[in-house]
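A look at the structure
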Amino acid sequence: MNFILVGISHHTAPVEVRERMNIHESRLPAALTDLVARRGIREGMILSTCNRVDLAAASEDGVEAEPELRRFLTELHRNDLAPYEQYLYWRRGRDVVRHLFRVACSLDSMILGEPQILGQFKQAFAAASEAGALNGALHEVARQALAVGRRVRRETALGTTAVSASYAAVELAKKIFGSLEGKTVFILGAGKMSELAARHLISSGATSILVTNRTYERACELAQAFGGTPVRFEDAFEQLGRADIVISSTGSREVLVTRERVERMLAARKQRPMFFVDIAVPRDVDPAVNELNNAFVYDIDDLEAVVASNRKQREREAAWAEEIVEEEVERTLRRLASRDLAPTIVALEQRLERIRAAEIERFRGRLGNLDPSQNEAVDALTRGILNKILHGPITEMKNGAGDPEHGALVQLVRRIFGVND
Amino acid sequence: MLLWAALGLYGLGIVLTIPPLTRRRPALPRGALAALAGGLVLHGLSLAVVGFRLHHLPMTDVQGAVSFFAFDVTLAFFLLYLRYKIISLGLFTLPFVFLMALIAALQGSPSFQSPGFRGGWLGVHIAAMILGYTGFFLTFVAGVMYLIQEAELKSKKPHAFHFRLPSLEVCDRLYYRSLVFGNLFVGAGLLTGFVWASRTWHGSWEYDPKIVATLVTWVIYLTLFSTRACGSWRGRRSAYGAIFGFGAVMVTFLGVTFLSGQHGFLPKP
């Protein structure tokens, strides 16, 4: 059980290089079948996304798989690997396990805690399983990686906070309104950012969209894209009170939404809260509106501050997640080692047991007649000696799991104790 | 001693709840939920047992009243958690409930029965009042949670969810519903109280301090209801109102209990 991994990621390579190494999912089945048919390679998995390509493999004991993997990549991309050398990273043994776990937990992602990687990993796992490329230890590791990814999502807040201003707006809206279902969004001034924010709000459940813009045609365009209603700019302020969430990004030089206006709107709405997302510069909403009960105003700086504080929080959560990953790496390696070692341990025990039994037989004459309890004592004594002798080698073998010399160690122990057949 | 067992389970539930809260990814672990559910069942049983022994509803003394109150609040938290998954509510209510249940348990078996207290209506009256106060307690808690969440939002420095407080809307909904619940039951409690007192007491009991205080409290809460319903108050003002109102509740229940002669839980000198 020797693990090896070669990869390229946003940490090591710019996008032009990454896109050339990318392997489209349609090519995966053939590539995987090819990979595991190669000499010395028992299992393989390929994870290819826009930010990384990771190729993990399990090779036969004692086989150095690097040359074969190089050949594989060269043939796959029909290109000499030399120009890409500087961008590739290699991992072996337990580092492979750690790398796969960290990737699945989004700890190695461009945006810490991003949610897509787990799904992408799942797809890569499925593709490799279907191609018959996962049937042993690597299968176990990949499966466990998914479990660790889920565990980190469950036990830490790593994936829960917004990392962009528009996501932050949605997050805040949820803190005010709980569920966004049935809530009305008013877009004051159609623009790229307000469009993005509206899109996020809709995918989080907001249902009514009103759009207004200085030019009515643009408002109609946007409204149609969202399945909403266009509003003429002159009528906008009458209708504004219908909205729970207002996204404002007009090019106006003056403040459009004044405190008095909002006070009146709130009274008309029976004080149901209003949330103003003011991404315009210069600002459209008077900051004094935030002083009102039941009105909340966030401008672009405020949203960015939320994003920054979220990032800090993610970094803190990441530290926890790394601990979880380390713990899981240890656990997985032990489990794999036990599984692998089981036949060796059984063989060792059997061999020593045969020796023990034979020796007792040989010395039965000299021991004379023993009553049952003495017989038991002799048995216990001899067994105890053997267990203590075996304890050292077995522990060493278990602890060495994942090390590159592990296979050699096991072979040595087998040779020394004479269980190589 | 059923109550002690319930208490033990509540304690376990609280202890199991704390780690997820600090981990900022709060979801009540199944162990905590089970411990609380178990505690609730035992607590309910302890009340039922006392009731059977006395042949009437068990809240006619301090111990029973406090125990019933703690039971109601815990039950409410449990149901609300199932519906809204608000774990932070637990942070506010469970330790308080634990304390109340502890007080109740320490009192031992129902000790004092004021000689004035007889009759079926009485049990209903007390139960209704306690249910009403439970509602008002939840209104208070909802108000507090609202204020904390709102302050965070207004400060624009979201402290990265120190406790996952529920959204303002959920706080408000809890506020409103518990307010209605509380008002209904206190109203019912006052009504049944009048019925019972008119049959049992003599003299001008209408001016008993406790009754007056309860009426005042009820009026406060009715005001909160009407301002909230017509929308002139909502959010921060209503929350402050709930805090003030709960102060009145405390005064009524605890303070007057120890002052009112006829109505109190202490024996007349």
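As the structure is a prediction and not an experimental result, all values here were calculated from the model.

What follows concerns the overall build of chain A. When you go through chain A residue by residue, the secondary structure sums to 14 helices and ten strands. Taken over the C-alpha trace, chain A has a radius of gyration of 32 Å; the compact-globule value for 421 residues is 22 Å, which it surpasses by more than 25%. Judged by the C-alpha coordinates and their principal axes, chain A covers about 115 × 60 × 30 Å. By residue count, 41% of the 421 residues in chain A fall in the buried class. Summarising the internal contacts of chain A: among those between residues at least 6 apart in sequence, 70% fall at separations of at least 24.

Counting secondary structure elements, chain B contains eight helices and zero strands. Secondary structure elements of chain B, listed N to C terminal, follow the sequence α-α-α-α-α-α-α-α. Each of the 269 residues in chain B was classed as buried or not, and the buried ones make up 43%. Intrachain contacts of chain B at a sequence separation of at least 6 include 80% that bridge at least 24 residues.

Grouped together as the largest cluster of nonpolar side chains are 114 residues, with contacts concentrated most on Ala173, Val185, Ile187, Val246, Phe276 and Val277 of chain A. Residue contributions to this core peak at 18 residues, all from helix 5 (residues 120-155) of chain B. Among the nonpolar cores identified, the runner-up in size contains 58 residues, and Phe3, Val53, Phe101 and Val329 of chain A belong to it.

All names here are of chain A. For helix 4 (residues 94-104), the buried fraction is high: nine of the eleven residues fall into the buried class. Buried within helix 4 are the following residues: Val96, Val97, Arg98, His99, Leu100, Phe101, Arg102, Val103 and Ala104. Buried residues along helix 4 sit against strand 1 (2-9), strand 3 (52-59), strand 4 (89-92), helix 5 (116-130), helix 6 (137-155) and helix 12 (300-367). Positive backbone phi, approximately 65 degrees, marks Ser106, located one or two places after helix 4.

All names here are of chain A. Over its twelve residues, helix 14 (residues 406-417) runs 17 Å from end to end, which matches the ideal 16 Å to within 8%, given 1.5 Å per residue. Listing the buried residues of helix 14 in full gives His406, Val410 and Val413. The buried residues of helix 14 occupy an angular sector of 60 degrees when the element is viewed end-on, so they sit on one face. Among the exposed residues of helix 14, those oriented more than 90 degrees off its buried face are Arg415 and Ile416. Close packing links the buried residues of helix 14 with helix 12 and helix 13 (372-399). Where helix 14 ends, the next residue or the one after it, Gly418, has phi of about 70 degrees, a positive value.

Take the sheet that holds strand 8 (residues 245-248) of chain A next. All names here are of chain A. Ordered by their spatial adjacency, six strands build an open sheet running 7-6-5-8-9-10, and the pairing between neighbours is parallel. Every interior strand has two partners, whereas the edge strands, strand 7 (229-232) and strand 10 (295-299), have only one. Each neighbouring strand pair of the sheet contributes to a mean axis angle of 20 degrees, computed without reference to strand direction.

All right, on to the interface of chain B and chain A then. Across the contact, 18 residues belong to chain B and 21 residues belong to chain A. Among the elements of the structure, helix 5, helix 6 (168-200) and helix 8 (236-259) of chain B are those that each provide at least two residues to the side of chain B that touches chain A. Looking at side-chain class alone, the side of chain B that touches chain A contains five nonpolar, four polar and nine charged residues.

Residues and elements named next belong to chain A. Note that Ala165 resides in helix 7 (residues 165-177). Of the residues examined, Ala165 has 21 C-beta atoms within 10 Å and is grouped as buried. With 140 residues separating them along the chain, Ala165 and Ala305 place their C-alpha atoms 8.9 Å apart. Residues in contact with Ala165, not counting those within four places in the same chain, are Ile300, Leu303, Glu304 and Val307.

Another aspect to go through is the confidence of the model for chain B. Residue and element names in this part refer to chain B. Looking at chain B as a whole, the pLDDT averages 76, with 74% of positions reaching at least 70. Looking at the elements of chain B, mean pLDDT is at its lowest for helix 1 (residues 2-22), recorded as 68, and at its highest for helix 6, recorded as 87. Across the whole predicted complex the pTM is 0.71, and at the interface the ipTM reaches 0.78.

Here the focus is the sheet that holds strand 4 of chain A. Residues and elements named next belong to chain A. Taken together, the four strands give an open sheet; going across it, the order is 2-3-1-4, and neighbouring strands pair in antiparallel fashion. This sheet does not close on itself; its edge strands, each paired only once, are strand 2 (41-48) and strand 4. Averaged over all neighbouring strand pairs, the angle between strand axes comes to 15 degrees, with direction disregarded. Here four bridges tie strand 1 to strand 4, and the two strands are oriented antiparallel to one another. Its bridge partner lying in strand 4, Leu5 is registered against Arg91.

Looking now at the packing of helix 13 of chain A against helix 14 of chain A. A pair of packed helices can be characterised by two numbers: the angle between their axes and the separation between those axes. Residues and elements named next belong to chain A. One can describe the packing of helix 13 onto helix 14 by two numbers: an axis separation of 9 Å at closest approach and a directional angle of 160 degrees. On the basis of the axis angle, helix 13 is roughly antiparallel to helix 14. For the pair helix 13 and helix 14, the sense of crossing is left-handed. Taken together, the residues of helix 14 that come into contact with helix 13 (itself represented by Pro393, Glu396 and Met397) are Leu409, Val410 and Val413. Residue composition of the contact of helix 13 with helix 14, grouped by class: five nonpolar, no polar and one charged.

A word on the packing of helix 7 of chain A against helix 12 of chain A. All names here are of chain A. Between helix 7 and helix 12, whose axes approach to 9 Å, the crossing angle comes to 90 degrees. One way to sum up the angle between helix 7 and helix 12 is to call them roughly perpendicular. Across from Ala165, Ala168 and Ala169 in helix 7, the residues of helix 12 making contact are Ile300, Leu303, Glu304, Val306 and Val307. Broken down by class, the residue content of the contact of helix 7 with helix 12 amounts to seven nonpolar, no polar and one charged.

All names here are of chain A. Taken domain by domain, chain A comprises domain 1 (2-160), domain 2 (165-308) and domain 3 (336-417). Computed from C-alpha atoms alone, the centre-to-centre distance between domain 1 and domain 3 is 40 Å. Of the residues lining the interface, nine residues belong to domain 1; the matching set on domain 3 comes to five residues. Put simply, the parts of the chain that give the side of domain 1 that touches domain 3 at least two residues each are helix 4 and helix 6. Looking at the side of domain 1 that touches domain 3 residue by residue, the class counts come to two nonpolar, three polar and four charged.

Turning to unusual backbone geometry, a few remarks are in order. Residue and element names in this part refer to chain A. Omega for the bond connecting Val281 with Pro282 falls within 30 degrees of zero, at 0 degrees, which places this linkage in the cis form. Structurally, Pro282 can be placed in the loop between strand 9 (274-278) and strand 10. Despite not being glycine, Arg78 has its phi angle at roughly 50 degrees, a positive value. Mapping Arg78 onto the fold places it in the loop between helix 3 (66-77) and strand 4. Backbone geometry at Lys270 places phi at a positive 55 degrees, although glycine is not the residue there. If you trace the backbone, Lys270 turns up in the loop between helix 11 (259-268) and strand 9. Judged by the 13 C-beta atoms lying within 10 Å of it, Lys270 is partly exposed.

Basis of the calculations
- Residues numbered from 1 in each chain as written.
- Chains lettered and ligands numbered in written order.
- Predicted model: local features only at pLDDT ≥ 70, side-chain atom pairs only at ≥ 80, totals over all residues.
- Helix = DSSP H or I, 4+ residues; strand = E, 2+ residues; numbered from the N terminus.
- Rg over C-alpha atoms; globule rule 2.2 N^0.38 Å.
- Buried ≥ 20, exposed ≤ 12 C-beta atoms within 10 Å, placed from the backbone.
- Contact = placed C-beta atoms within 7 Å.
- Core = buried A, V, L, I, M, F, W, Y, C linked by C-beta atoms within 7 Å.
- Expected span 1.5 Å × (residues − 1).
- Arc of directions from axis to C-beta.
- Pairing = 2+ DSSP bridges.
- Axes fitted to C-alpha atoms, helices over the stretch in contact; angles between N-to-C directions.
- Nonpolar A, V, L, I, M, F, W, Y, C, P; charged D, E, K, R; others polar.
- pLDDT = per-residue confidence, 0-100.
- Parallel < 35°, antiparallel > 145°, perpendicular 65-115°, else oblique.
- Left-handed = near helix turned anticlockwise from the far one by under 90°.
- Domains from an automatic or database assignment.

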